[in-house]
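Residues per chain, in single letters:
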Amino acid sequence: MEQRTAEVERNTLETQITVSINLDGVGKSSFATGVPFLDHMMDQIARHGLIDIDVRANGDLEIDAHHTVEDIGITLGQAFAKAVGDKKGLQRYGHAYVPLDEALSRVVVDFSGRPGLFYDVKFTRGMIGRFDVDLFREFFQGFVNHAGVTLHIDNLKGANAHHIAETIFKALGRALRMAITADPRIAGIVPSTKGSL
Ligand SMILES: [Mn+2]
């Protein structure tokens, strides 16, 4: 099988970002974004998705983390789109339920080629440390738009905001892992009756 890796660089006046991923990795990651809570969350995607992820970002954090978080989502989405390529042999769909103590989330992903975010998460507080929880939606919207995926994120239970966030990102990692797994029985075949995704 060809290498399913991608490196994307995205530069604007607000942020300069580089993302490298290996879909057939072991969950190794390194981050230098200036937004430590987002790093902790992307680490969950890597670890539980068995995807190697490296993200470097230099953003206008003196304003707030909004541009940096959204643009990392966009750049990570671009890297996924590039790494999955024509999606031949891909499982395409993935889903996972992940708990962390009292918190439970479900994430369902489809590499449909049609961006769609359906996000039903109510955080119990507005900030996790210095991280504004509103930015999670911006991150996922950027990711979805550029990865070309349909993504359903539902938090089903939870009291602790850190736990809620962590269950979402762990479930996303597990769901991505299922969806991007290459199925040898459909090698060379695009998993759609349309013949393309
Ligand atoms: Mn944690």
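What you see is a predicted model, and the numbers here were worked out from it, not measured in a lab. (Residues numbered from 1 in each chain as written. Predicted model: local features only at pLDDT ≥ 70, side-chain atom pairs only at ≥ 80, totals over all residues. Heavy atoms only, no water.)

Asks: Which parts of the structure should I look at to understand the pattern of salt bridges?
Replies: For side chains of opposite charge, pairing can occur when their charged atoms come near one another. Evaluated as defined, the whole model comprises ten salt bridges. A salt bridge links Asp154 to Arg106; the shortest N-O distance between them is 3.5 Å. Here Arg106 lies in strand 6 (residues 103–110) and Asp154 lies in strand 10 (residues 150–157), a separation of 48 residues in the sequence. Assessed through its relative accessible area of 17%, Asp154 is described here as buried. (Salt bridge = Lys/Arg side-chain N within 4 Å of Asp/Glu carboxyl O. Helix = DSSP H or I, 4+ residues; strand = E, 2+ residues; numbered from the N terminus. Buried < 20%, exposed > 50% of the residue type's maximum accessible area, 1.4 Å probe, protein only.)

Asks: Explain the coordination of the manganese ion here, please?
Replies: Where a metal carries four tetrahedral donors, each ideal angle is 109.5 degrees; where it carries six octahedral donors, the ideal angles are 90 or 180 degrees. Only His40 (NE2), His162 (NE2) and Glu166 (OE) from the protein reach the manganese ion as donors, at distances of 2.0 to 2.2 Å. In the primary sequence, the donor residues of the manganese ion line up as H-x121-H-x3-E. Of this pair, His40 sits in helix 1 (residues 36–49) while Glu166 is found in helix 4 (residues 161–180), placing the two residues 126 residues apart along the sequence. For His40, a relative accessible area of 30% gives the class partly exposed. Overall, the relative accessible area of 10% leaves Glu166 in the buried class. (Donors = N, O, S within 2.8 Å, 3.2 Å for Na, K, Ca; no water.)

Asks: Whenever I open this one, helix 3 (residues 135–147) confuses me. Can you help?
Replies: Helical periodicity: at 3.6 residues per turn, an α-helix aligns residues three or four positions apart in one direction. With 13 residues, helix 3 extends 18 Å between its outermost C-alpha atoms, agreeing within 8% with the 18 Å of an ideal straight helix rising 1.5 Å per residue. Taken as a whole, helix 3 has its buried residues at Leu135, Phe136, Phe139, Phe140, Gly142, Phe143, Val144 and Ala147. With its phi angle positive at about 70 degrees, Gly148 sits one or two positions after the end of helix 3. (Expected span 1.5 Å × (residues − 1).)

Asks: It is not clear to me how unusual backbone geometry should be interpreted in this structure. Could you clarify?
Replies: For residues other than glycine, phi is negative in most cases, and the peptide bonds are mostly trans. Positive phi values are uncommon outside glycine, yet Leu50 reaches one of about 50 degrees. The phi dihedral of Arg92 falls on the positive side, at around 80 degrees, and the residue is not glycine. Inspection of the secondary structure puts Arg92 in the loop between helix 2 (66–84) and strand 5 (93–100). Since its relative accessible area comes to 9%, Arg92 is described here as buried.

Asks: It is not clear to me how the layout of surface pockets should be interpreted in this structure. Could you clarify?
Replies: Where empty space is left can be seen by rolling a probe of water-molecule size over the atoms. Its volume calculated, the second largest pocket comes out at about 260 Å³. What lines the second largest pocket is a set of 13 residues, among which Gly34, Val35, Ala65, Arg130 and Phe131 lie closest to the centre. Secondary-structure elements contributing two or more residues to the lining of the second largest pocket are helix 1 and strand 9 (131–132). In terms of residue class, the lining of the second largest pocket is built from eight nonpolar, two polar and three charged. (1 Å grid on protein atoms, 1.4 Å probe; cavity = no way out; pocket = protein on both sides within 12 Å on 5 of 7 lines; lining within 4 Å. Points joined across faces, edges and corners; volume = space filled by probe spheres on them. Nonpolar A, V, L, I, M, F, W, Y, C, P; charged D, E, K, R; others polar.)

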